Amino acid sequence: MKSLAMVLFVLGMGQVSFAAQELQCADQAVKTATMKNFKRFGASTGSCGAKLLTAGAYSETYLVCVSDETDPSEWVIVMKKANKGCHVKYADTQHDSETPNFESSEGLLKTVECSIDHADNAKLICK
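Engineer: Any details on the side chain of threonine 93? Residues and values, ideally.
Structural biologist: Looking at the element boundaries, threonine 93 is found in strand β4 (residues 85-94). Threonine 93 gets classed as buried once you look at its relative accessible area, which sits at 13%. In this structure the side chain of threonine 93 is engaged in a polar contact, spanning 3.0 Å, whose partner is the side chain of arginine 40. When residues no more than four places from it in sequence are discounted, the contact partners of threonine 93 are Arg40, Glu74 and Trp75.

Engineer: Requested: an account of the pairing of strand β2 (residues 59-67), with residues and values cited.
Structural biologist: Counting buried positions along β2 yields seven of nine residues, so the element is predominantly enclosed. As judged from the eight bridges shared by strand β1 (residues 45-55) and β2, these two strands associate in the antiparallel manner. Counterpart to alanine 50 in the pairing with β2 is valine 64. Counted along the chain from β1 to the antiparallel partner β2, the turn is three residues long.

Engineer: Can you lay out the sheet that holds β4 for me, pointing to particular residues and giving the numbers?
Structural biologist: In spatial order, the strands read β4-β3-β2-β1-β5-β6; together these six strands make up an open sheet with antiparallel pairing. Of all the strands in the sheet, just β4 and β6 (125-126) have a single pairing partner and so form its edges. Relative to β4, strand β3 (residues 73-82) runs antiparallel, the two sharing nine bridges. Bridged to valine 78 within β4 is tyrosine 90.

Rules behind the numbers
- Here the residue numbers are simple positions, counted from 1 along each chain's written sequence.
- The model is predicted, so local features are restricted to residues of pLDDT at least 70 and side-chain atom pairs to those at 80 or more, both for listing and for counting; the totals for chains, interfaces and linings are taken over all residues.
- For side-chain calculations, the full set of non-hydrogen atoms in the structure is used, while hydrogens and water are omitted.
- By definition, any uninterrupted DSSP run of H or I lasting at least four residues is a helix, any uninterrupted run of E lasting at least two residues is a strand, and each is numbered from the N terminus.
- Each residue gets one of three labels from its accessible area relative to the maximum for its type: buried under 20%, exposed over 50%, partly exposed in between, using a 1.4 Å probe on protein chains only.
- Here a polar contact is taken to be a pair of N or O atoms separated by no more than 3.5 Å, where protein atoms must pair a possible hydrogen donor with a possible acceptor and residues adjacent in sequence count only if both atoms sit in side chains.
- Whether two residues touch is decided by their heavy atoms; if any such pair falls within 4.5 Å, the residues are in contact.
- If DSSP finds at least two bridges between two strands, the strands pair.

So, in structure tokens, the structure goes:
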């Protein structure tokens, strides 16, 4: 019985570490979208949330909501997974009506919240 409990514990730990890797990529996706939105529109910018669209062995695709002084935009961010973290493979705004939206919190990941403000010398601040 102890060995069964140990196996279940080890399997559970493996799932936790995989989830942590996903969250690491999600955080990086939010940071990337916030920076790119600021660079594109030059307005004060803050993230609204992130949704995982696909997760494969080599990459993960996220939809990230970013708001600025005009209106919210949705960014598609593809992260390439690597041994030393996640790297941006693709980033662009998405204006397709079929894209999952952020009108509800359904499917939102717990990620960092980031913002950029001109008053703060355009520094990315995440919490």
